[in-house]
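Survey of secondary and tertiary structure
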Amino acid sequence: MQLSKSEALFTEAQKYIPGGVNSPVRSFRAVGGTPPFIARGKGSRVWDVDGNEYIDYLGSWGPLVLGHSHPAVVAALKKTAEGGTSFGAPVEGEIELAKLICGSLPSVEMVRLVSSGTEACMSAIRLARAFTNRNKIIKFAGCYHGHADGLLVKAGSGALTHGIPTSAGVPESYASETLVADYNDVESVEKFFLANPTDIAAIIIEPVAGNMGVVPPAPGFLDALRRITQENGALLIFDEVITGFRVGPNGAQGLFGIRPDITTMGKIIGGGLPVGAYGGRKDVMEMVAPLGAMYQAGTLSGNPLAVSAGIVTLTELQKPGTYDRLETLAKRLTDGLTKAFQSVEIPSTINRVGSMFTGFFNAGPVTSLAHAEGSDTAMYGRYFHAMQEQGVYIAPSQFEAGFVSTAHSEADIDDTIAKATEALQTLR
Ligand code: KE4
């Protein structure tokens, strides 16, 4: 693998941009080496500036569920851009995207568009505090909800990967309002409500954790959170930034039959453009300005260019058989990878929900952050580079999810399995 142009660009980037990247997880610090600078993507493939081709399972960390430069998305962007990109005024597309979201997620009666998952989660927390007039929130160690101060406490994703799960710069006064429970451990939640019966505004959770690697909810776990929040007058927030429109047409809430009070979204609903959203019960959303006293705003929220990509993406996903296809491809991949791992007798386990998955270098089962953290991250780094050498692009961290898109083919999947088998042989 020749990366000389990427190496030169990375050196240049580090002169002007902290760590040479605009998001820490892209820096490859967790796995070492130089991050390839990507020149273009098409379908299931990306090419770096040195001309190396990769089968892509990162999918921009989740948004590219239709694959790269999908013709309908590109056409919509071109058409919209010719008429302007943003006006700071209402446009029809905002209604169309809002209707697609409300029509797909059972609990979302009204929705506010923002520009990132961080904004969505930050706003949802503020809204829950405004609605309940309470201050504390419960999150789960290893879950990541963006980089708002109060949520960067025992966070996952890059914060976990880079060993700063509680970020510098977050005042103790903020962090003290965030109570951290353990994923799939109902008792760790109940104890907080016993100690704070009237001061917990909400629980926020990734209904399928993606940011400690993929960890599915244990049977009954989400139902217990729904019961506990209702019993204690707190709200339940599902952070579906990853799972929304990923694990099924109705999100994780549809898959597991839970109605949260607020849902946060991002990634897929922007189709690769910056869109986030938070929505839920009408009586809760009516607290949002200009209707109510909870303020949130954004210059580029719902801008026509971003929403045009989101509209096309969600519309494409509604085509019959789409999620069956994603399931078939993802199952084929993880079944094949499981066999590949077994063939080299390397302790591993693969967690998958729909078309999001993680291969842990860990004998398993991985049902908690503690289990995930027991993975051999050094081995993961070696595997990452061996796969990169084979032309397969996976997440540069053990604590992330991989994604299959509708653009992946059976040939891609079988090629990947063969390449993984090759790559794993080099790790023995
Ligand atoms: P953004 O602000 O990055 O759009 O969304 C924050 C966020 C919120 N909630 C969940 C469940 C998320 O996974 C994310 C962002 N995910 C990470 C990767 N796991 C984004 C990648 C990055 O930080 O560059």
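A quick note: this is a predicted structure, and the numbers were derived from the prediction, not measured.

Comments concerning the overall build of the protein
Scanning the protein for helices and strands turns up 15 helices and 14 strands. Over its C-alpha atoms the protein spans a radius of gyration of 21 Å, differing by no more than 12% from the 22 Å that the globule rule assigns to 428 residues. With the principal axes as the frame, the protein shows a C-alpha extent of 55 × 55 × 45 Å. Here the protein, with 428 residues, has 57% of them falling under the buried criterion. Entry remark: accessible area of the protein is about 17200 Å², with carbon and sulfur atoms responsible for 54%. Treating the 34 positive side-chain charges of the protein as one cloud and the 42 negative ones as another, the clouds have centres 2 Å apart.

Focus on the site of the ligand
Neighbouring the ligand are 17 residues; Ser23, Thr118, Asn211, Asp239 and Glu400 lie closest to it. Take Asp239: an N or O atom from its side chain is 2.7 Å from a nitrogen atom of the ligand. Taken by itself the ligand offers 530 Å² of open surface, and the protein chains cover 87% of this. Within the shell around the ligand, the residues separate by chemical class into 5 nonpolar, 8 polar and 4 charged. Counting only domains with at least three residues in the shell around the ligand, you end up with domain 1 (5–69 + 320–425) and domain 2 (71–317).

A closer look at the domain arrangement of the protein
Per the domain assignment, the segments of the protein are domain 1 (5–69 + 320–425) and domain 2 (71–317). The straight-line distance from the C-alpha centre of domain 1 to that of domain 2 is 25 Å. Listed as interface residues are 36 residues of domain 1 and, on the opposing side, 36 residues of domain 2. Buried area between domain 1 and domain 2, summed over both chains or domains, comes out near 2800 Å², and the portion from carbon and sulfur atoms is 68%. The interface formed by domain 1 and domain 2 contains 0 salt bridges. Linking domain 1 with domain 2 are 10 residue pairs in polar contact (both at pLDDT 80 or more). Elements supplying a minimum of two residues to the side of domain 1 that touches domain 2: α12 (322–343), β11 (349–353), β12 (356–360) and α13 (369–373). Broken down by class, the residue content of the side of domain 1 that touches domain 2 amounts to 20 nonpolar, 11 polar and 5 charged.

Topic: the layout of surface pockets
By volume, the second largest pocket amounts to about 310 Å³. Around the second largest pocket, the lining comprises 17 residues; the ones closest to its centre are Glu94, Arg112, Leu113, Ser301 and Gly302. The residue makeup of the lining of the second largest pocket, split by class, is 7 nonpolar, 8 polar and 2 charged.

With respect to the packing of aromatic side chains
By the definition in use, this model includes 12 aromatic pairs. Summarising the aromatic geometry, the rings of Tyr57 and Phe357 are spaced 6.3 Å apart at their centres and angled 75° between planes, so their arrangement reads as edge-to-face. Note that Tyr57 is positioned in the loop between β3 (53–56) and α2 (71–82) and Phe357 in strand β12, a separation of 300 residues in sequence. Just as Tyr57 is buried, Phe357 falls in that class too. One aromatic cluster is present, built from ring pairs that chain together Phe341, Phe361, Tyr380 and Tyr383. A cation sits over an aromatic face here: Arg40 above Trp47, 3.9 Å from the ring centre. Lying across the ring of Phe192, Lys191 places its NZ or CZ 3.9 Å from the centre.

Here's the deal with unusual backbone geometry
Residue Ala289 is joined to Pro290 through a cis peptide bond whose omega torsion reads 10°. Here Pro290 is to be found in the loop between α10 (282–285) and α11 (304–317). The residue after Gly364, namely Pro365, is reached through a cis peptide bond having omega -5°. Even without being a glycine, Trp61 presents a positive backbone phi close to 70°. Counting through the fold element by element, Trp61 comes out in the loop between β3 and α2. According to the relative accessible area criterion, Trp61 is buried, its value standing at 15%. Backbone geometry at Ser157 places phi at a positive 55°, although glycine is not the residue there. Mapped onto the fold, Ser157 is located in helix α5 (residues 157–161). For Ser157, a relative accessible area of 8% gives the class buried.

How each quantity is defined
Residues numbered from 1 in each chain as written. Predicted model: local features only at pLDDT ≥ 70, side-chain atom pairs only at ≥ 80, totals over all residues. Heavy atoms only, no water. Helix = DSSP H or I, 4+ residues; strand = E, 2+ residues; numbered from the N terminus. Rg over C-alpha atoms; globule rule 2.2 N^0.38 Å. Buried < 20%, exposed > 50% of the residue type's maximum accessible area, 1.4 Å probe, protein only. Areas by Shrake-Rupley, 256 points an atom, 1.4 Å probe, with all protein chains shown as cover. Lys, Arg positive; Asp, Glu negative; His and termini not counted. Charge placed at Lys NZ, Arg CZ, Asp CG, Glu CD. Near = heavy atom within 4 Å. Polar contact = N/O pair within 3.5 Å; in protein donor to acceptor, adjacent residues only side chain to side chain. Nonpolar A, V, L, I, M, F, W, Y, C, P; charged D, E, K, R; others polar. Domains from an automatic or database assignment. Contact = heavy atoms within 4.5 Å. Buried area = accessible area lost by both parts, 1.4 Å probe. Salt bridge = Lys/Arg side-chain N within 4 Å of Asp/Glu carboxyl O. 1 Å grid on protein atoms, 1.4 Å probe; cavity = no way out; pocket = protein on both sides within 12 Å on 5 of 7 lines; lining within 4 Å. Points joined across faces, edges and corners; volume = space filled by probe spheres on them. Phe/Tyr/Trp six-rings, centres within 6.5 Å; stacked < 30°, edge-to-face > 60°. Lys NZ or Arg CZ within 6 Å of the ring centre and 35° of its normal.

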